[in-house]
Amino acid sequence: MAGFHACNVLVTGANRGLGLELVKQFLEKSNPPERVFAACRNPEGAQELKYLASKHPNLVIILLDVTNLASIEAAVARVEENLKGSGLNLLINNAAILRLTTLESETRENMSVVYTTNVTGPLLVSQAFLPLLKKAAQQSTQKGLSCSRAAIVNMSSEAGSIKNLLIWDFGHFISYRCSKAALNMLTKCQSLCYAEQGILTITFHPGWVKTDMGSSISDQAPLTPDESVRGILNTLPMLSEKDNGAFVDWKGNHLPW
Ligand SMILES: NC(=O)c1ccc[n+]([C@@H]2O[C@H](COP(=O)([O-])OP(=O)(O)OC[C@H]3O[C@@H](n4cnc5c(N)ncnc54)[C@H](OP(=O)(O)O)[C@@H]3O)[C@@H](O)[C@H]2O)c1
């Protein structure tokens, strides 16, 4: 099982919630990644990231709003400059929004804003970082597909599983569920196109977690960010060709669409 010690990793929405916890746990590893890019839309206000950066020289905080193409392009330029000729091994499209709606209260504006962030965002961010992901795949001595060679991890949700419809009894949030079902399809399409370039693509369910988002649904989320991210970081190194395009949860199980 490969670790992440020689890897360059980027996480979007890294200033709070699961994104921040991912950054923390990557940095705490005994063999941490070579560089961790923590992308967020307000680096100035990202106090916890700034504190972490003061302790970890391999942490680079970058500005990235996933709904703004100019911001995405500027982030790619910043990352490329920092990589000094290396590729980006792991892109985690984590940033997302959820609006607490019902079928009756859902609006055109919500559908559009949630889709722009949760689906178009990961599409555009992946397109923009593709050259750096390809470079990582080409530079790697590893064969086959893995998260330590080159990978896109789209943070989805079992709330977007048409079969399982996680926590329907707690809330319907139609725009969010539709956006995650669409993100799953995007992931499948990416996996079919990018595998031949050495890039693994998966869609991920982190569990129902006590973050701002998870707790906005109810106070009954069973997982802490620490538990969820420990599971995620144990699972990612286990993934290979057989998982390409799959819907995987924080314990490594494959989920139904
Ligand atoms: N928590 C759960 O129970 C749960 C369950 C299943 C799936 N997920 C998924 O896991 C991921 C992380 O969720 P979370 O619980 O950590 O959510 P969260 O606590 O609400 O944090 C969301 C993060 O996304 C960022 N973000 C939102 N819009 C953005 C944009 N346009 N550009 C850049 N960043 C943006 C936020 O930044 P700001 O601080 O600037 O707003 C924040 O850092 C999401 O994809 C979510 O759908 C979560």
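Residues numbered from 1 in each chain as written. Predicted model: local features only at pLDDT ≥ 70, side-chain atom pairs only at ≥ 80, totals over all residues. Heavy atoms only, no water.

A. Region of interest: the site of the ligand. In the vicinity of the ligand lie 29 residues, with Asn15, Arg16, Tyr176, Val209 and Thr211 positioned nearest. Gly13 has a polar backbone atom sitting 3.1 Å from an oxygen atom of the ligand. A distance of 3.3 Å separates an oxygen atom of the ligand from a polar atom in the backbone of Met155. Its free accessible area being 900 Å², the ligand has 94% of it covered by the protein chains. The leading source of residues in the shell around the ligand is helix H6 (residues 212-217), at 3 residues. (Near = heavy atom within 4 Å. Polar contact = N/O pair within 3.5 Å; in protein donor to acceptor, adjacent residues only side chain to side chain. Areas by Shrake-Rupley, 256 points an atom, 1.4 Å probe, with all protein chains shown as cover. Helix = DSSP H or I, 4+ residues; strand = E, 2+ residues; numbered from the N terminus.)

B. Structural context of the pairing of strand E1 (residues 8-11). Judged by which residues are buried, E1 turns out to be covered on both faces: Asn8 and Leu10 on one side and Val9 and Val11 on the other are all buried. Inspection of the sheet shows E1 paired to strand E2 (residues 35-40) by 4 bridges, in the parallel sense. Residue pairing in the sheet places Val9 in a bridge with Val36 of E2. In this fold, the crossover linking E1 to E2 by way of helix H1 (residues 17-28) has right-handed handedness. (Buried < 20%, exposed > 50% of the residue type's maximum accessible area, 1.4 Å probe, protein only. Pairing = 2+ DSSP bridges. Right-handed = clockwise from strand over helix to strand, strands pointing away.)

C. Structural view of the packing of aromatic side chains. This model, assessed by the stated rule, comprises 4 aromatic pairs. Ring geometry for Phe4 against Phe26: centres 5.4 Å apart, planes inclined by 90 degrees, an arrangement best described as edge-to-face. Of the two residues, Phe4 sits in the segment before E1 while Phe26 sits in helix H1, which places them 22 residues apart along the sequence. Grouping residues by exposure puts Phe4 and Phe26 together as buried. Here Phe173 and Tyr176 contribute two aromatic rings whose centre-to-centre distance is 5.8 Å and whose plane-to-plane angle is 75 degrees, an arrangement assigned as edge-to-face. (Phe/Tyr/Trp six-rings, centres within 6.5 Å; stacked < 30°, edge-to-face > 60°.)

D. Region of the structure containing the side chain of Thr101. Within the secondary structure, Thr101 sits in the loop between strand E4 (90-93) and helix H4 (108-139). The class of Thr101 is buried, set by a relative accessible area of 7%. Once residues within four sequence positions are removed from consideration, Thr101 is found in contact with Glu106, Asn110, His172, Phe173, Ile174 and Ser175. (Contact = heavy atoms within 4.5 Å.)

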